[in-house]
Protein chains: 2
Amino acid sequence: VTRRITLLGAGLVGKAIAADLCSDFDVTAVDADAAALERLRARYPIKTLAADLTDAGAVRRVVRDADLVIGAVPGFLGFRTLETVIDAGKNVVDISFFAEDALLLDELAKRRGVTAVVDCGVAPGMGNMILGYWVERLRVASFACMVGGLPFVRTKPFEYKAPFSPADVLEEYTRPARHVENGCVVVKPALSDPELVEFEKVGTLEAFNTDGLRTLLKTVCVPNMKEKTLRYPGHIGLIRTLRDAGFFQKTPLDVSGQRVAPFDVTARLLFDSWKLREGEEEFTVGRITIAGEENGRARRITYNLFDVYDRATGITSMARTTAYACTAVARLVLENRFVRNGVSPPEYVGRQEGCLAAVLEYLRQRNVVYEVSEE
Amino acid sequence: VTRRITLLGAGLVGKAIAADLCSDFDVTAVDADAAALERLRARYPIKTLAADLTDAGAVRRVVRDADLVIGAVPGFLGFRTLETVIDAGKNVVDISFFAEDALLLDELAKRRGVTAVVDCGVAPGMGNMILGYWVERLRVASFACMVGGLPFVRTKPFEYKAPFSPADVLEEYTRPARHVENGCVVVKPALSDPELVEFEKVGTLEAFNTDGLRTLLKTVCVPNMKEKTLRYPGHIGLIRTLRDAGFFQKTPLDVSGQRVAPFDVTARLLFDSWKLREGEEEFTVGRITIAGEENGRARRITYNLFDVYDRATGITSMARTTAYACTAVARLVLENRFVRNGVSPPEYVGRQEGCLAAVLEYLRQRNVVYEVSEE
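Conventions used here
Residues numbered from 1 in each chain as written. Chains lettered and ligands numbered in written order. Predicted model: local features only at pLDDT ≥ 70, side-chain atom pairs only at ≥ 80, totals over all residues. Heavy atoms only, no water. Helix = DSSP H or I, 4+ residues; strand = E, 2+ residues; numbered from the N terminus. Pairing = 2+ DSSP bridges. Axes fitted to C-alpha atoms, helices over the stretch in contact; angles between N-to-C directions. Contact = heavy atoms within 4.5 Å. Buried < 20%, exposed > 50% of the residue type's maximum accessible area, 1.4 Å probe, protein only. Buried area = accessible area lost by both parts, 1.4 Å probe. Salt bridge = Lys/Arg side-chain N within 4 Å of Asp/Glu carboxyl O. Nonpolar A, V, L, I, M, F, W, Y, C, P; charged D, E, K, R; others polar. Phe/Tyr/Trp six-rings, centres within 6.5 Å; stacked < 30°, edge-to-face > 60°. Lys NZ or Arg CZ within 6 Å of the ring centre and 35° of its normal.

## Considering unusual backbone geometry
With an omega of 0°, the peptide bond running from Lys156(A) to Pro157(A) counts as cis. Turning to its location among the elements, Pro157(A) is positioned in the loop between strand S7 (139-151) and helix H7 (166-174). The linkage connecting Ala123(B) with the following residue, Pro124(B), adopts the cis geometry, with an omega of 5°. Locating Pro124(B) in the fold gives a position in the loop between strand S6 (115-117) and helix H6 (126-135). Of note in this structure, Glu159(A) is not a glycine but carries a positive phi near 50°. Positive phi values are uncommon outside glycine, yet Ser256(B) reaches one of about 40°. With respect to the helices and strands, the residue Ser256(B) is situated in the loop between strand S13 (253-255) and strand S14 (258-260).

Structure below.
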């Protein structure tokens, strides 16, 4: 029989997930936006259901018959939706990038006998999975993950378009980054340590600290770990300028007789300016570096990713790279190749024999290629 | 008998004017700010009067006994205050930098038999006077005036402090610049044509178009005239970025349920960031270049200005350079060395025999030196 997948959220990533799974599974996409569902159904052989996912009862109802649930809702909804799905006893793979700690749901998932894989995208996601693979095989001394989604057309002043929610981008620009140095968690200011890095098909980019290690801070014991985000050079300087001049201030000021938080105005303006237009071509670039020791021999393994917008389907590279990491893991769960009661971040998937290789191969078939090299 | 001067406005420039004139004249300073007047009276032998200068009746009363009035009020009050003073039949020298066209008051001044000199600072001011001098002596082909007031301490991101009202600075950054090219008035966008220029005691600065020609657009016939403002390199790029990203937009946006003009928030933030602290040392740098032909011989004359904050008195360089240009002309008017019924911008002072030399000498005695050179 065909297995049933309930896909929660039919946004950019949800659409790519539906497109990837609809030929092998019975996919039901659920979203509050009936028009988005209609567009999806016109294009792919899936079922759709309009429902308000802020309502836990609605979530319970739509997942009732699913063999697997995929969560791809907006970040602010992610945690509670995941909680509802786990509580309903459903296996779930989640790519809603939410701020809360997913491991808080581990107990519940264990009690319900549920396999829940979270943060299942690129970063977080593939970086975690790759590190998880290597911590089982090497004494890993350092892990560095740098990822960025950028437009091909560079337009001043920002030379940036947000392939996902600009609000989440601003969140990345303001939240301090928790990294690990010499075995200790260190908190770096947002936008700190800008460095220029070369990428083969892109040229020089600028990497800065972001708070992307998340679960890795708790799940692995690696003495040096950092996560950085990539932008065209100069972008971060402008953002720092805005921040330093007070434009990210959340405390309201008196402005012409009103109380206004500068951050709200800035967000409004940047959202307009950073909107990726329909059909605007973007790419994803990333580099994951693992250094360590194996039987006294130093090893340094690098994974390079460069993926571009798909003109044929109009699916963005951000959606491709994120969705296919998620669908690869979804298949592993459905095929019982990854089974683990509880909440598993991708590092737990990576450390299980055969999983990383299967995911990388699955991605390669979709032309999302992580090129591995070793010095 | 000692001549009586009524000084309208006891701000930064007014204070320097009072200090410069109080030993030779009977000075009465008028301002709405009683505390500012008190501080001034404690330091200098002058009279003071607290009065609301937005009230024309009050202006009439306080100028009644004056032999000369000096206008140094905030820009938004400048034009109507000047009109009241002229209408009261009083000679006046004005340094209130106002947006309106002072020549609109020329008729009134002529009818009242009043000598009114306006825009009597540095730029506008000394540039006009120097050009007025040379148009009488050369066939002037081009005039360029570049001036800036800058802090010695350069603090990122803006490396700028506003020695006068930050609102007027933002006005300079947003108003298109009217220049003259090949005999035609051309309108340049605000912040356009940035160029790097070297200054001996300062280093490299960046000049950009500003709308400072004002009366010169009507009063002289010179085929090429431009006025630029000087900043540390990079400043203008940041301001352009803010503008291009919409932060100078005056149309309100919906922001968290309120209607907010981004400009108002930006102004609020920059005002804080650009505030010159008490005692913070700044300087004024300027270059005025006149090129033309005299009896078939090409001439190119340059005036360079570099003036610094006065530690002894705490008077800023902006106030020194502005106030002493004004007081120099005030003396010429009181001594009947400059007499002209009507509204005279400084170019009319410059073209009158002996006036420029007297003003430059007066400034030199106060250590504000315009160094003249000719290639």
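## Thoughts on the sheet that holds strand S1 (residues 4-8) of chain B
Residue and element names in this part refer to chain B. Taken in spatial order, the seven strands line up as S3-S2-S1-S4-S5-S6-S17 in an open sheet, and their pairing is parallel. The open sheet terminates on both sides in strands that have one partner only, identified here as strand S3 (47-50) and strand S17 (342-344). In this sheet, neighbouring strand axes are inclined to one another by 20° on average, regardless of whether the strands run parallel or antiparallel. Summarising the sheet, strand S2 (residues 26-31) and S3 pair through four bridges and their orientation is parallel. Bridging across to S3, Val30 finds its partner in Leu49. On the sheet, helix H1 (residues 12-21) packs against S1, S2 and strand S4 (68-71) and is oriented at approximately 165° with respect to S1. Each of S1, S4, strand S5 (92-94), S6 and S17 touches helix H4 (residues 75-87); the most contacted strand, S5, lies at about 170° to it.

## Description of helix H9 (residues 235-244) of chain B
Taken together, the buried positions of H9(B) are His235(B), Ile236(B), Leu238(B), Ile239(B), Thr241(B) and Leu242(B). Packed against the buried residues of H9(B) are helix H9 (235-244) of chain A together with helix H7 (166-174), strand S11 (203-209), strand S12 (224-231) and helix H10 (262-274) of chain B. Looking at the residues trailing H9(B), positive phi occurs at Gly246(B), about 95°.

## Describing the interface of chain B and chain A
Taken together, the contact between chain B and chain A spans 24 residues of the former and 23 residues of the latter. Together, the buried faces of chain B and chain A total about 2,100 Å²; carbon and sulfur atoms form 74% of this surface. Of all residues in chain B, Phe247(B), Arg268(B) and Leu269(B) bury the most surface against chain A, accounting for 27% of the area lost on that side. Counting across the chain B and chain A interface gives zero salt bridges. For the side of chain B that touches chain A, the elements supplying multiple residues, two or more each, are H9, S13, S14 and H10 of chain B. With seven residues, the single largest contributor to the side of chain B that touches chain A is H10(B). Grouping the constituent residues of the side of chain B that touches chain A by class yields 13 nonpolar, six polar and five charged.

## Some words on the sheet that holds strand S2 (residues 26-31) of chain A
Residue and element names in this part refer to chain A. The sheet built from seven strands is open, its strands ordered S3-S2-S1-S4-S5-S6-S17 with parallel pairing. Each edge of the open sheet carries a strand with a single partner, namely strand S3 (47-50) and strand S17 (342-344). Pairwise comparison of adjacent strand axes, ignoring direction, gives a mean angle of 20° for this sheet. Summarising the sheet, strand S5 (residues 92-94) and strand S6 (residues 115-117) pair through two bridges and their orientation is parallel. In the strand pairing of S6, Val92 is matched with Ala116. The strands touched by helix H2 (residues 34-43) are S2 and S3; relative to S3, the strand with the most contacts, the crossing angle is about 175°. In this fold helix H4 (residues 75-87) packs onto strand S1 (4-8), strand S4 (68-71), S5, S6 and S17, with an angle of close to 170° to the strand it touches most, S5.

## Observations regarding the packing of aromatic side chains
If you walk through the whole model with that rule in mind, you get 21 aromatic pairs over all chains. On the numbers, 5.9 Å between centres and 75° between planes, the contact of Tyr173(A) with Trp274(A) is edge-to-face. Note that Tyr173(A) is positioned in helix H7 and Trp274(A) in helix H10 (residues 262-274), a separation of 101 residues in sequence. Each member of the pair, Tyr173(A) as well as Trp274(A), is classed as buried. Seen in terms of ring centroids, Phe158(B) and Trp274(B) are 5.7 Å apart; in terms of plane orientation they differ by 85°. Their pairing is edge-to-face. You can see Phe158(B) sitting in the loop between strand S7 (139-151) and H7 and its partner Trp274(B) sitting in helix H10, a full 116 residues away along the chain. The pair formed by Phe158(B) and Trp274(B) is uniform in burial state, with each residue classed as buried. Members of the aromatic cluster, each reached through a chain of ring pairs, are Phe158(A), Tyr160(A), Tyr173(A), Phe208(A) and Trp274(A). Note that Arg287(A) overlies the ring of Phe199(A), its terminal NZ or CZ placed 4.2 Å from the centroid. The aromatic ring of Phe97(B) is capped on one face by Arg214(B), whose charged end is 4.6 Å from the ring centroid.

Any link to function would need more than the numbers given here.
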